[in-house]
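Structural overview
For reference, the chains in residue letters:
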2 protein chains.
Amino acid sequence: MTIEEVIVTGEWVRRGGTPAAPSSGRLKPLGLKEVTLRPGFWQQRQETNRAASFDHIEHWLTTSGWLSNFEHATARQGREFSDSEIYKYLEALAWANDPALEDRFQAIVATLANAQDPDGYLNTNFGRPGQAPRYSDLEWGHELYCFGHLIQAGVARARAHGRDELVEVAIRAADHVCDVFGPGGIASVCGHAEIEPALAELYRVTGDRRYLDQAKLFIDRRGHQVLGDIEFGRAYFQDDVPIRDAKSLRGHAVRATYLASGAVDVAVETGDDELLDAVAGQWATAVARRTYLTGGMGSRHQDEAFGEDWMLSPDRSYSETCAGVGSIMLAWRLLLARGEARYADLIERTLFNVIATSPADDGRRFFYTNTLHQRVPGAEPPAGQLVPRAASSLRAPWFAVSCCPTNLARTFASLAGYLATADDDGVQIHQYTAASIDTGDIALEIDTAYPADGRVTVRIVRAPETPFTLTLRVPHWADGATVDGAPVAAGYVPVRRRFTAGESVTLDLAVRPRLTFPDSRIDGVRGCVAVERGPVVYCLESVDLVNVDFESIHIDSGSTLIDGDGDGDGDGVVVVTGRAGVPADGSWPYGTRGDGAGVAVEIPLRPYHRWARRGPSTMRVWVPTTD
Amino acid sequence: MTIEEVIVTGEWVRRGGTPAAPSSGRLKPLGLKEVTLRPGFWQQRQETNRAASFDHIEHWLTTSGWLSNFEHATARQGREFSDSEIYKYLEALAWANDPALEDRFQAIVATLANAQDPDGYLNTNFGRPGQAPRYSDLEWGHELYCFGHLIQAGVARARAHGRDELVEVAIRAADHVCDVFGPGGIASVCGHAEIEPALAELYRVTGDRRYLDQAKLFIDRRGHQVLGDIEFGRAYFQDDVPIRDAKSLRGHAVRATYLASGAVDVAVETGDDELLDAVAGQWATAVARRTYLTGGMGSRHQDEAFGEDWMLSPDRSYSETCAGVGSIMLAWRLLLARGEARYADLIERTLFNVIATSPADDGRRFFYTNTLHQRVPGAEPPAGQLVPRAASSLRAPWFAVSCCPTNLARTFASLAGYLATADDDGVQIHQYTAASIDTGDIALEIDTAYPADGRVTVRIVRAPETPFTLTLRVPHWADGATVDGAPVAAGYVPVRRRFTAGESVTLDLAVRPRLTFPDSRIDGVRGCVAVERGPVVYCLESVDLVNVDFESIHIDSGSTLIDGDGDGDGDGVVVVTGRAGVPADGSWPYGTRGDGAGVAVEIPLRPYHRWARRGPSTMRVWVPTTD
């Protein structure tokens, strides 16, 4: 087959492409030309991504030598997975699909194409003179992981733009993977999942079932101890238990969410409901027992992994930015497959409290981890110098393991794809921000200052002659929501009628501060309360406190909450009441019970995603109660 | 100088040697022939160490190839620091000083002597053909660390037995270190402290001031960024801040306590009170803010390090066994220097709750880490196979990093040295267990079933004609203690008179269960209570629960405590009251406050040091209260 014959993306090119395009499922994604962000919380961040982060990333890919690794056979720079950062950047550029960026996109692609071996193999860390042989270290070598990101970039390019050289490179790489790891080949998997969703998506782009079969093979192989044991145990790369038998997401959080995403893709394309049920069950358990209030996943620094159930101490929360990306990939796929609001709920929570937290306002510094409790103010990372991945409480320009900046870049570039879907009956709006939606038959304008304000107005710009259903998600926290004044419960609210251009549907979500208490089994936050406002988690930051001892602050568990937000930027203060004092220091911190003394104080909190933007500080999301 | 000229240990050989022998300070140590353990809690463990652990360790040192590394120039086995395990084992044999073990001791020493280079260098991992050059990796190479343990073994041998080949090997190594790292030499330090106390102790043994000067040089160099930066930051090996300026123990917990021990040695020998004050202050801060209830130190798995102040989550507590050993080394040195009871208090706590916890009853399996909360029952490590250091909740026979078994072996072998001291005015008893003490002028018999029972009878076997002071430590937890019926406060209680043979002094410590509450700043155990009984920390273990949901147990914060112990083995049960139920599982674990439902239950707890001896289980030291 020639590439022209197998590319089946013509329709998606017209619609601008979309991050995951299952061929069946409850809901159908919309294209990036069908949903346009307008000025608001997310458009601002998407614009910073395009205007600043792209340049920043390319600067670092260049100066770090990771890009020139493709040009030089010797003196390779960077970690074994650095190729993937170039691919994720290309994916971001592909989604942005901006003619002004086309030259730099093509320059990088030409470099890759030139470096690719005749048999399709492409990796700067293996197989060259003086390097280890290809596939000699499947546990840690990341070769298939890198291919996965290359293929994802090719998929993005094919969907958003159509056939070109990157797509050819990706297809050659995928063919190589199938040749080497297919039936009769190396009967193993990669230590870092990613090739699985990539191959399934390439099948969707090309129609070539070989890629889907290979993705399924990888999914089915893993869990049977095909990889060697490592210090962290095989659960680290999900090779401990077959995915059909696992009870929860586990091990390395990025690996876990990427693998589960690939499994959903395979399940949907092969009609494998058992596999889909298994992954949905693991997701539900992980969300109920292994997820931070922010939506962040991964409790352990040592192996960047999910902890055990209820192991959610805020002060060593890892909550890697990339795990947030992986969680959104997974929840989005489950949402498309099943159409349940809880998936969109978690996406919203993760977007506002992980994805929005990571980048600095200038788009040139990033959190790799997202702790929920900072005990000691961090030091500003040295300018122009890459830092270890989790060394600081301040955002850093680049990391030795710099997976997060490029992962954010591709997520922001494709963000519009996650806002809404369609089905035969109409349009579903999952995330609220100012945006325009145009599916051809239906055109909508969403006006809102969300999350600063809870009013969302959906104006009908164009409507068919026949009735359709406009479905609005009411988030699980939104007690007291109304649609056109009528009370509605959490979940999807269908509004079905024959709409006329110019009319509006108004959703009012009760965006106001609330106190949130944890399940009694989460030991790390027992006796604490958090403040949330709409989808936004708040935090206490030391820079907001004067003459109050940070460590001694306790919030009244029945506190009133004074809302200082609603001014449109989502950056306002919420004030609660509590007590603070100066704890007495003893020589030994265990003994009889303290007296809980202290004086009444008013305690200001601000959105967690805004923390550490005013210099070094201490911070906590969960604050002890006065009880 | 010949070795005969410099060995100044004749007096110590007569007294059986002692683990640290400062030339000045408030208290003077006694020798291992002056204090003899009699049947009881500690003698049983010391005997298991000698009768089983020594064989076990030698078996593993042999089969792992770590011992034969000294014989073969190629195909080296084990991690870069494996030489040190042989040295720690030799140190243990030296303290045991058992003629029945002499042949195996000499056989190993002959191997080392044969492997030592003419210039005194000795390391199986550097400098041979195909290996990296000597001192090419000070951050991670552990060469000076290994020399430190070699020298410590030599010191033990010199003090307990006198001059022999091991002492010569150690002195040659120390001379080499001084040659290479002395003034004008390599102006750096080792990534893992240990050479510092070793050289100071060798100075005490030999009288050769060059070793003390070199120890001081290492102490003074560190903290000035003489080592390269690493992912964990230079605090990991205490090279971030000079030890005179640091505010707390920090970084890798074993490194930190070894370094501080060496600093105390240098401070005492050079009369440097400023340095001694600095270390004492760091110790006090670390004990007040960075130490677990068990005395365990080190909160972080990733870098085996102290966390920040109040970072003491029980569920990822690292509390490495070796950090317990290091903590005892440090507190013992501070006790000798300053004579304050708090140092002996921490030693007691660490002995009963870290050191006693690690080894299995058979002396052939060990905890590397000592978690305070086990959420998922561990799997029995494979027999005969070494395991990663912290992979299991069950004791393992050997580890890839197997520092703890040999560290325990040398500690148990020299344990009697930590029980009592002397000064010009009499004898001080710091730790209570059945024992005989004979300083020449004074002979005492200590009878007690401690910690099962709180009565300690000190019988005078021999006394001088003149008055002396018998000083007894009353632990800080022992409210209501009496000496011969008279109430006494915590701290050192002096009993001064002219004693006559046959008379006794009786100390009654109120060993009964109590509830212990944490400082409100320790987030990881907020709203929880622990049970202690005398010096022993208790825990809740799932194998003691039938038809009660482990995760739902809450203890009444005003519970009565029923003491089922006092039968002599320190292994009895304490029963408290509380509530338990079956928590309802939701889809999201954060929201409104739960109702605290449940039914009244009686909750049995047992000594923490006994946990995981009845098969896999879940366990927690800190239990939520019903408040």
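Chain A appears in an unreviewed UniProt entry as Glycoside hydrolase family 127 protein from Actinoplanes derwentensis.

Across its full length, chain A holds 14 helices and 23 strands. In terms of overall dimensions, chain A is globule-like: its C-alpha atoms have a radius of gyration of 24 Å, near the 25 Å expected for 627 residues. By principal-axis analysis of the C-alpha atoms, chain A measures approximately 75 × 70 × 45 Å. The burial tally for chain A puts 66% of its 627 residues in the buried class. A sequence separation of at least 24 residues applies to 68% of the contacts in chain A between residues at least 6 apart. As presented, chain A carries roughly 20,100 Å² of accessible surface, and 49% of it is formed by carbon and sulfur atoms. Put simply, chain A has 62 plus and 84 minus side-chain charges, and the middle of one group is 2 Å from the middle of the other.

This paragraph deals with the relation of the copies chain A and chain B. When chain A is fitted to chain B, the residual RMSD is 0.0 Å, and the transformation amounts to a turn of 180° plus an axial shift of 0.0 Å. Here the two chains are linked by the operation of a two-fold rotation axis. Considering only C-alpha atoms, the part of chain A nearest the rotation axis is Q302 of chain A, at 2.1 Å.

A separate point is the environment of E85 of chain A. All names here are of chain A. Within the fold, E85 resides in helix α4 (residues 83–96). Each C-alpha atom of the pair E85 and W66 lies 8.3 Å from the other, and the pair is 19 residues apart in sequence. What E85 contacts, discounting residues up to four positions off in sequence, is L61, W66, S402, C403 and T406.

Once that is clear, we can look at α4 of chain A. An α-helical turn contains 3.6 residues, so any two residues separated by three or four positions project in the same direction. Taking 1.5 Å per residue as the helical rise, α4 of chain A with its 14 residues ought to reach 20 Å, and the 20 Å between its terminal C-alpha atoms agrees with that figure. Just past α4 of chain A, the residue N97 of chain A takes up positive phi, approximately 50°.

All names here are of chain A. Pairing is antiparallel in the open sheet, where 7 strands are placed in the order β2-β6-β7-β8-β13-β10-β11. The two strands at the open ends of the sheet, each matched to only one other strand, are β2 (35–37) and β11 (486–487). Both strand β7 (residues 443–448) and strand β8 (residues 455–462) contribute to a ladder of 6 bridges, which runs antiparallel. Directly across from E445, in β8, lies its bridge partner R459.

The next point concerns the interface of chain A and chain B. Counting residues at the interface gives 56 residues for chain A and 56 residues for chain B. For the pair chain A and chain B, the summed buried area comes to about 4,900 Å², and 49% of that belongs to carbon and sulfur atoms. For the pair chain A and chain B, the number of links is 6 salt bridges. At the junction of chain A and chain B, the tally comes to 21 residue pairs in polar contact (both at pLDDT 80 or more). Of all the elements in the fold, those that place two or more residues in the side of chain A that touches chain B are α11 (273–289), α13 (341–355), β14 (513–518) and β20 (590–591) of chain A. A per-element tally of the side of chain A that touches chain B places β14 of chain A first, with 4 residues. Residues that form the side of chain A that touches chain B fall into these classes: 22 nonpolar, 15 polar and 19 charged.

With that settled, consider the sheet that holds strand β4 (residues 420–423) of chain A. Residues and elements named next belong to chain A. Read from one edge to the other, the open sheet built from 5 strands follows the order β1-β4-β5-β9-β12, with strand pairing classed as mixed. Because the sheet does not close on itself, it has two edges, and the strands there are β1 (28–29) and β12 (491–497). Against the sheet, α13 touches β9 (468–474) and β12, its axis set at about 55° to β9.

Residues and elements named next belong to chain A. The side-chain alternation of β4 yields two buried faces, one formed by A420 and A422 and the other by T421 and D423. In terms of strand pairing, β1 meets β4 through 2 bridges, oriented antiparallel. What sits directly across from P29, in β4, is T421. Sheet analysis places β4 next to strand β5 (residues 426–429), joined by 4 bridges and oriented antiparallel. Bridge pairing in β5 links A422 to V427. Between the antiparallel neighbours β4 and β5 lie 2 residues.

What the rule picks out here adds up to 50 aromatic pairs over all chains. Between the aromatic rings of F54 of chain B and Y89 of chain B, the centroid separation amounts to 6.0 Å while the plane-to-plane angle is 80°, which identifies the pairing as edge-to-face. Taken together, the residues F54 of chain B in helix α3 (residues 41–63) and Y89 of chain B in helix α4 (residues 83–96) connect sequence positions 35 residues apart. Measuring from ring centre to ring centre gives 5.6 Å for Y121 of chain B and Y135 of chain B, while their planes differ by 85°; the resulting arrangement is edge-to-face. Taken together, the residues Y121 of chain B in the loop between α5 (102–115) and α6 (143–160) and Y135 of chain B in the loop between α5 and α6 connect sequence positions 14 residues apart. Here Y121 of chain B matches Y135 of chain B in class, with each residue buried. Within the aromatic cluster, the residues linked to one another by ring pairs are F41, W42, F352, F412, Y432 and Y450 of chain A. Between R45 of chain A and the ring centre of F41 of chain A, over which it is positioned, the NZ or CZ distance is 3.6 Å.

The next thing to look at is the packing of helix α12 (residues 321–338) of chain A against α13 of chain A. All names here are of chain A. Two elements in contact, α12 and α13, have axes whose closest approach is 9 Å; the angle formed by their N-to-C orientations is 160°. Relative to α13, the element α12 lies roughly antiparallel. You can see that α12 and α13 cross each other, and the crossing is left-handed. In this structure, α12 contributes T321, G324, V325, S327, I328, A331, W332, L334, L335 and R338 to the contact, and α13 contributes Y343, A344, L346, I347, T350, L351, V354 and I355. Each residue belonging to the contact of α12 with α13 can be placed in one class, and the counts come to 13 nonpolar, 4 polar and 1 charged.

Of the pairings in the sheet, the one linking strand β8 (residues 455–462) of chain B to strand β13 (residues 504–508) of chain B comprises 5 bridges and is antiparallel in character. Within β13 of chain B, the position partnered with V456 of chain B by the bridge is L507 of chain B.

What follows is about the side chain of S552 of chain B. Residues and elements named next belong to chain B. Take S552: it is sitting in the loop between β16 (536–541) and β17 (554–555). At 3.0 Å, the side chain of S552 and the backbone oxygen of D549 are in polar contact. Not counting chain neighbours up to four residues away, the residues in contact with S552 comprise R579, A580, G581 and P583.

Glancing now at the environment of A501 of chain B. All names here are of chain B. Counting through the fold element by element, A501 comes out in the loop between β12 (491–497) and β13. Along the backbone, A501 and A490 are 11 residues apart, and their C-alpha atoms lie at a distance of 27 Å. Setting aside anything within four residues of it in sequence, one finds A501 in contact with I460 and V461.

Reading the values: the criteria
Residues numbered from 1 in each chain as written. Chains lettered and ligands numbered in written order. Predicted model: local features only at pLDDT ≥ 70, side-chain atom pairs only at ≥ 80, totals over all residues. Heavy atoms only, no water. Helix = DSSP H or I, 4+ residues; strand = E, 2+ residues; numbered from the N terminus. Rg over C-alpha atoms; globule rule 2.2 N^0.38 Å. Buried < 20%, exposed > 50% of the residue type's maximum accessible area, 1.4 Å probe, protein only. Contact = heavy atoms within 4.5 Å. Areas by Shrake-Rupley, 256 points an atom, 1.4 Å probe, with all protein chains shown as cover. Lys, Arg positive; Asp, Glu negative; His and termini not counted. Charge placed at Lys NZ, Arg CZ, Asp CG, Glu CD. Least-squares fit on C-alpha atoms with pLDDT ≥ 70 in both. Expected span 1.5 Å × (residues − 1). Pairing = 2+ DSSP bridges. Buried area = accessible area lost by both parts, 1.4 Å probe. Salt bridge = Lys/Arg side-chain N within 4 Å of Asp/Glu carboxyl O. Polar contact = N/O pair within 3.5 Å; in protein donor to acceptor, adjacent residues only side chain to side chain. Nonpolar A, V, L, I, M, F, W, Y, C, P; charged D, E, K, R; others polar. Axes fitted to C-alpha atoms, helices over the stretch in contact; angles between N-to-C directions. Phe/Tyr/Trp six-rings, centres within 6.5 Å; stacked < 30°, edge-to-face > 60°. Lys NZ or Arg CZ within 6 Å of the ring centre and 35° of its normal. Parallel < 35°, antiparallel > 145°, perpendicular 65-115°, else oblique. Left-handed = near helix turned anticlockwise from the far one by under 90°.

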